[in-house]
Amino acid sequence: MILHTLNKPPRAPAAIACLEVLTASSEDGDSLLLLEDGVYMADNSNEELVRQVPTRIYALDLDIEARGLAHRVLPSIKVISYADFVQLVVEHKMTKAWI
Amino acid sequence: MKRILFTQSRPPHGGINAQEGLDAILMGSAFAECAVLFQGDGVYQLLKHQQPERLGTKNFASTFGALADYGVDQIFCIDEDLAKRQLGTDELVIPTIPIKQNTVCEFISAFDLVLDF
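Keep in mind that this is a model prediction, so the values were computed, not measured.

What counts as what
- Residues numbered from 1 in each chain as written.
- Chains lettered and ligands numbered in written order.
- Predicted model: local features only at pLDDT ≥ 70, side-chain atom pairs only at ≥ 80, totals over all residues.
- Contact = placed C-beta atoms within 7 Å.
- Helix = DSSP H or I, 4+ residues; strand = E, 2+ residues; numbered from the N terminus.
- Nonpolar A, V, L, I, M, F, W, Y, C, P; charged D, E, K, R; others polar.
- Pairing = 2+ DSSP bridges.
- Right-handed = clockwise from strand over helix to strand, strands pointing away.
- Axes fitted to C-alpha atoms, helices over the stretch in contact; angles between N-to-C directions.

Visitor: Any chance you could break down the interface of chain A and chain B for me, citing the residues and the numbers?
Guide: On the side of chain B, 15 residues touch chain A, which itself brings 16 residues to the contact. If you list the elements that add at least two residues to the side of chain A that touches chain B, you get helix H1 (13–25) and strand E5 (94–98) of chain A. Top contributing element to the side of chain A that touches chain B by residue count: H1 of chain A, with seven residues. Looking at the side of chain A that touches chain B, its residues break down into nine nonpolar, two polar and five charged.

The structure is reproduced here in structure tokens:
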């Protein structure tokens, strides 16, 4: 049960590495949280990319709003608050930051 | 004793992450059982023949050789990340244990804590 966090846009090396590893090895209960510039992955235009991610995906609401993406978020991605973020950290065994 | 995994994922001389990560590993080894995973462009940290002195940055690659003296002898690389960059293990400053990309999440889960640099 790993909470993976990604704070870089989808074409950044950290994002590519994160998606490769999630696709190849993620397990039941693993989750991906998009934050800071990572939320760009939640944009409509990345539907195909997001479909390949085997874990549940969350995105931080304030980072979504700040970037004007609130009306462009893919329906498969759950938009959450900072309080929800804390809850996710508690629920997972560990947090791995893809930086 | 807690088992901590440090991940090194940035190339060596474009920022402070790599050096900071190495410093953290050395400090962490005083308190916990530490392992290191080199992933993505982080594998470039281990390349032999780095000569950053004229850039004014420290050649910390040589310090990786001291990890064993600090009791850090579990040093891993993701196989695919080496292959993608056409790096052979003979081109690295220290021996590493290869792990396959499709086992990375399971591998990480076996530790108590992961710290990412």
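Still more to cover.
Visitor: How would you sum up the pairing of strand E3 (residues 74–78) of chain B? Please name residues and give values.
Guide: All names here are of chain B. Bridge count for strand E2 (residues 33–38) against E3 is four bridges, and the pairing is parallel. By the bridge assignment, leucine 37 is partnered in E3 with phenylalanine 76. Handedness of the crossover joining E3 and strand E4 (residues 97–99) through helix H2 (residues 79–84): right-handed.

Visitor: Just give me the short version of the sheet that holds E4 of chain B, but keep the residues and values in it.
Guide: Sheet strands pair by backbone hydrogen bonding; their relative direction is either parallel or antiparallel. All names here are of chain B. Reading across from one edge, E4-E3-E2-E1-E5 is the order of the five strands in this open sheet, with parallel pairing throughout. Each edge of the open sheet is held by one strand with a lone partner, namely E4 and strand E5 (113–116). Across the sheet, the axes of successive neighbouring strands diverge by a mean angle of 30 degrees, strand direction being ignored. Note: strand E1 (residues 3–8) against E5, four bridges, orientation parallel. By the bridge assignment, leucine 5 is partnered in E5 with valine 114. Contacting E1, E2 and E5, helix H1 (residues 17–28) runs over the sheet at an angle of about 165 degrees to E1.

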